[in-house]
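# Inside the fold
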Amino acid sequence: DNNQLNTISDNDEDTATRDNDFTHDDTILDMGGMALHEFIEHTRSKGRRGLYDEYAEIKSRTGPRSQEEFNRLFNTCCNMENTTRNRYTDVHCYDHSRVKLGQKISGESTGTVVTNDYINANFVDGYRQPSAFIFTQGPLPKTFCDFWQMVWEQDVLVIVMTTRAIEKHKTKCGQYWPDDVGAPA
């Protein structure tokens, strides 16, 4: 049916195994695709309320079905020591595909090694390329160093920011880049 949103189907058994046997709801997936002009017309015809409703329906069908499943999927991001490193309380980082930070030295004089490897970021597969992308929340001021550590360790060449720093008078992302070109971050 061409009147439904295009979604990505992942029926690859290797991926399901890699993803800790997380399976998708097949009633949502495999809906078929549509041309760009059809998608534009589809979203216009739904309107804002219709898109919110469609998102809520998809979210309700694809999310964890129980607290046990939720804990299995999102254990690390919900640890008390990590919750303050999440910008949003309802945007969770999957354990099976999360980016893990390397060790950090907290101070040159003390030589103390910090062992928390958490950042709210996940590897995401590209077309025929596993873990081709990293999706992350806009960093908080206290996680700027973690963000740049991830960029460095993962050899990230391009950063695409899909939000404004401030939207509707709410901070959506801290300014993790310098004000002037060539200035230190």
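The preceding data block contains the structure.
To start, this report covers the structure provided alongside it. (Residues numbered from 1 in each chain as written. Predicted model: local features only at pLDDT ≥ 70, side-chain atom pairs only at ≥ 80, totals over all residues. Heavy atoms only, no water.)

### Concerning the overall build of the protein chain
As a reminder of what qualifies: Under the DSSP-based scheme used, a helix requires at least four consecutive residues in state H or I and a strand at least two consecutive residues in state E, with every element numbered from the N terminus. Contacts are assigned to residue pairs with any non-hydrogen atoms lying within 4.5 Å of each other. Throughout, the Shrake-Rupley method with a 1.4 Å probe supplies accessible areas, and for residues the shown protein chains are the sole cover considered.
Of regular secondary structure, the protein chain possesses five helices and seven strands. In the protein chain, the order of α-helices and β-strands from amino to carboxyl end is α-α-α-α-β-β-β-β-β-α-β-β. For the protein chain, the share of sequence-separated contacts (at least 6 apart) that also reach a separation of at least 24 residues comes to 50%. Working note: accessible area of the protein chain is about 13,500 Å², and carbon and sulfur atoms make up 52% of it.

### Concerning the nonpolar core
Taken as a class, soluble globular proteins show a tendency for nonpolar side chains to be buried jointly. We apply this condition: By nonpolar core is meant a set of buried Ala, Val, Leu, Ile, Met, Phe, Trp, Tyr and Cys residues that side-chain atoms within 4.5 Å join together. When accessible area is computed with a 1.4 Å probe and restricted to protein chains, residues below 20% of their type maximum are described as buried, those above 50% as exposed, and intermediate ones as partly exposed.
Of all hydrophobic cores here, the largest spans nine residues; its members are Val99, Leu101, Ile119, Ala121, Phe147, Met150, Val151, Cys173 and Tyr176. Secondary structure elements with two or more residues in this core: strand S4 (118-126) and helix H5 (144-153). With three residues, H5 is the single largest residue contributor to this core. Excluding residues that lie within four positions of it along the chain, Leu101 makes contacts with Asp117, Tyr118, Ile119, Asp146, Gln149, Met150 and Glu153.

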